[in-house]
Amino acid sequence: MVTGQETGDVALLDESIKRSSNTRQRVFSGIQPSGNFHLGNYLGAIRNWVDQQAAFDNIFCIVNLHALSQATTRETLRDNTLNLANVLLAAGLDPSQSIIFVQSDVREHAELCWLLSSVTQFGELRRMTQFKDKAGSKDEQVSAALLFYPVLQAADILLYDTNLVPVGEDQKQHIELTRDIAARFNMRYGETFVLPQPDIKATGARVMSLEDPTKKMSKSDANPNASIALTDDPDTIRRKIRRAVTDSGSDVVAAPDKPALTNLLTIYSLLSEEPISIIEARYAGKGYGAFKSDLADVVVSSLSSIQARLAELNQHPEIARSVLVDGAERARARAVAKMIQVRDSMGLGLY
Ligand code: TYM
């Protein structure tokens with residue numbers, strides 16, 4: 001039998017759960033389903049999403065419309081999308097704590113992208129570092145989608161009243177542009193959008209290439225030895241770390257004039273959860289060989305549990321599919337409500 005006191009307690013508890021979920025900060029982030037996901041994606045983004053998910057109201061998006069900015073095929077995009085959903089689940093994203101969905105399943109992203117383009121300057125887009133890097137000297141031939149890419153990203157973020165955007169360092173400029181777009185829209189049409197903050201960690205936000213520590217580890221790097229894919233087998237991981245470039249000298253220390261060792265020590269430290277100073281002390285006088293061999297063990301063992309879960313999920317694609325269907329429904333409900341407000345702010349629709 002439930003007493004009056006107990007019902008009162010339950011009501012109070014319900015109220016406090018409601019309050020805490022209302023006051024929990026909204027997190028949104030996205031990742032492109034393009035190619036092999038690597039340690040940079042994991043340490044700069046995915047792992048932080050997983051570690052923080054209990055504290056926030058989270059939405060994570062597989063941005064397949066962004067992936068269309070580079071030439072792809074129907075089969076590749078479909079395979080990469082499902083594979084990425086499996087990677088996110090294997091890494092620990094929990095659908096009971098986070099909405100996980102595919103961008104094209106919520107049409108409001110594309111609609112808001114167009115509306116926001118009216119408050120975005122062409123010059124702002126042309127000056128984006130990522131556009132300049134990807135377009136290179138061929139900016140007459142690249143798709144217009146590559147130029148428009150940050151407007152769609154702003155739409156992703158602003159559609160959900162996002163407070164925090166956990167990303168790697170390379171996305172900082174896009175989040176800043178998103179804030180500028182939101183502020184300009186609010187000035188012109190009245191308070192409509194929340195201004196989001198980037199959430200970029202002090203370490204791991206820029207994991208560097210194993211072949212050239214002045215370049216970031218990147219999915220688009222033509223050299224497979226430059227990055228460690230989350231799906232690399234132990235032998236491949238050991239080989240890539242053994243041949244990773246090092247700095248002159250033989251001391252295992254992180255320092256501005258030792259970018260390669262700094263990168264390797266950062267990877268070791270993040271995966272082993274030990275401070276860099278402890279690792280430096282452990283390898284004092286032991287040289288690069290011993291350090292690299294242990295680093296390979298740390299990477300192999302850190303990725304092994306993700307890889308085991310990934311192998312199971314690959315056998316059961318229906319699990320990821322059902323997570324994505326459910327995620328799209330939950331994201332859509334929020335996006336539809338927001339777009340009613342946005343259309344009204346802009347004077348679209350007379351009914
Ligand atoms: P994408 O798919 O290139 O990368 C996904 C995430 O991985 C981070 N990252 C890295 N972090 C550390 N070191 C590296 N070497 C490294 N390489 C990649 C990225 O910073 C990112 O956090 N434009 C985005 C996707 C996007 C998005 C969004 C992100 C679309 N809409 C809305 C946040 C919010 C991109 O292409 O990420």
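What you see is a predicted model, and the numbers here were worked out from it, not measured in a lab. (Residues numbered from 1 in each chain as written. Predicted model: local features only at pLDDT ≥ 70, side-chain atom pairs only at ≥ 80, totals over all residues. Heavy atoms only, no water.)

Colleague: Outline the overall build of the protein, supporting the account with residue identities and numerical values.
Modeller: The helix and strand inventory of the protein stands at 14 helices and 5 strands. For a compact globule of 351 residues, the expected C-alpha radius of gyration is about 20 Å, and the protein comes in at 22 Å, within 12% of that figure. Here the C-alpha coordinates of the protein stretch approximately 75 × 70 × 40 Å along the principal axes. Counting only residues that meet the buried cut, the protein has 47% of its 351 residues in that class. Excluding contacts between residues fewer than 6 apart, the proportion of contacts in the protein whose partners are at least 24 apart in sequence is 75%. For the protein, the exposed surface amounts to about 17300 Å²; the carbon and sulfur share of it is 52%. (Helix = DSSP H or I, 4+ residues; strand = E, 2+ residues; numbered from the N terminus. Rg over C-alpha atoms; globule rule 2.2 N^0.38 Å. Buried < 20%, exposed > 50% of the residue type's maximum accessible area, 1.4 Å probe, protein only. Contact = heavy atoms within 4.5 Å. Areas by Shrake-Rupley, 256 points an atom, 1.4 Å probe, with all protein chains shown as cover.)

Colleague: I'd like a description of the pairing of strand S1 (residues 26-31), backed by residues and values.
Modeller: For S1, the tally of buried residues reaches 5 of 6 residues, placing the bulk of the element in the interior. Here S1 pairs with strand S2 (residues 57-62) via 6 bridges, running parallel. If you follow Ser29 over to S2, its bridge partner there is Phe60. In this region the chain leaves S1, passes through helix H2 (residues 39-52) and returns to the parallel neighbour S2; the handedness of that crossover is right-handed. (Pairing = 2+ DSSP bridges. Right-handed = clockwise from strand over helix to strand, strands pointing away.)

Colleague: So what's going on with the site of the ligand? Residues and values would help.
Modeller: In the neighbourhood of the ligand, 28 residues make up the surrounding shell, with Gln32, Tyr149, Asp156, Asp170 and Val207 lying closest. Between a nitrogen atom of the ligand and a main-chain N or O atom of Met217, the distance comes to 2.9 Å. Of all elements in the fold, only S1, H2 and helix H8 (144-158) reach the threshold of two or more residues within the shell around the ligand. Of the residues that constitute the shell around the ligand, the class distribution is 11 nonpolar, 12 polar and 5 charged. (Near = heavy atom within 4 Å. Polar contact = N/O pair within 3.5 Å; in protein donor to acceptor, adjacent residues only side chain to side chain. Nonpolar A, V, L, I, M, F, W, Y, C, P; charged D, E, K, R; others polar.)

Colleague: Let's hear about the pattern of salt bridges: which residues, and what values?
Modeller: For the structure on display, the rule yields 15 salt bridges. A salt bridge links Asp170 to Lys216; its shortest N-O distance comes to 2.8 Å. With Asp170 in the loop between strand S4 (164-166) and helix H9 (172-189) and Lys216 in the loop between strand S5 (197-199) and helix H10 (234-243), this residue pair connects regions lying 46 residues apart in the sequence. Residue Lys216 is classed as partly exposed on the basis of its relative accessible area of 29%. Among the salt bridges present, the one from Glu274 reaches Arg282, with a minimum N-O distance of 2.5 Å. Since its relative accessible area comes to 22%, Glu274 is described here as partly exposed. The class for Arg282 is partly exposed, based on a relative accessible area of 31%. Shared partners join several salt bridges into a network, and the residues in it are Arg26, Asp57 and Arg334. (Salt bridge = Lys/Arg side-chain N within 4 Å of Asp/Glu carboxyl O.)

Colleague: Give me the state of the cysteines: which residues, what numbers.
Modeller: Applying the stated criterion across every chain yields a total of 0 disulfides. No disulfide involves Cys61; its nearest neighbouring cysteine sulfur is the one of Cys113, lying 13 Å away. (Disulfide = S-S within 2.5 Å.)

Colleague: Quick one: what's the story with the packing of helix H4 (residues 74-91) against helix H13 (residues 287-315), residue by residue and with numbers?
Modeller: Contact geometry for H4 and H13: axes closest at 8 Å, N-to-C directions at 135°. Relative to H13, H4 is oriented oblique. For the pair H4 and H13, the crossing hand works out as right-handed. Contacts from Asn86, Val87, Leu89, Ala90 and Ala91 of H4 reach H13 at Ile306, Arg309, Leu310, Leu313 and Asn314. Looking at the contact of H4 with H13 residue by residue, the class counts come to 7 nonpolar, 2 polar and 1 charged. (Axes fitted to C-alpha atoms, helices over the stretch in contact; angles between N-to-C directions. Parallel < 35°, antiparallel > 145°, perpendicular 65-115°, else oblique. Left-handed = near helix turned anticlockwise from the far one by under 90°.)

Colleague: Please provide a residue-by-residue account of H2, values included.
Modeller: Since the α-helix packs 3.6 residues into each turn, any two residues three or four apart lie on the same face. Its 14 residues give H2 an end-to-end C-alpha distance of 18 Å, which sits within 8% of 20 Å, the value for a rise of 1.5 Å per residue. Its axis deflected by about 40° at Ile46, H2 carries its strongest bend there. Most of H2 is tucked away, with 13 of its 14 residues classed as buried. (Expected span 1.5 Å × (residues − 1). Bend = angle between axes of the 7 residues up to and from the residue.)

Colleague: An account of the packing of aromatic side chains is requested, with residue identities and associated values reported.
Modeller: Counted by the stated rule, this structure contains 8 aromatic pairs. Between Trp49 and Phe60, the aromatic rings sit 4.7 Å apart at their centres with planes inclined by 15°, giving stacked as the arrangement. Separated by 11 residues along the polypeptide, Trp49 in helix H2 and Phe60 in strand S2 bring together distant segments of the chain. The exposure class assigned to Trp49 is buried, which follows from its relative accessible area of 1%. The class for Phe60 is buried, based on a relative accessible area of 1%. An aromatic cluster is built from Phe28, Phe101 and Tyr160, whose rings are joined through pairwise contacts. In this structure, Lys286 packs its charged tip against the face of Tyr283, placed 6.0 Å from the ring centre. (Phe/Tyr/Trp six-rings, centres within 6.5 Å; stacked < 30°, edge-to-face > 60°. Lys NZ or Arg CZ within 6 Å of the ring centre and 35° of its normal.)

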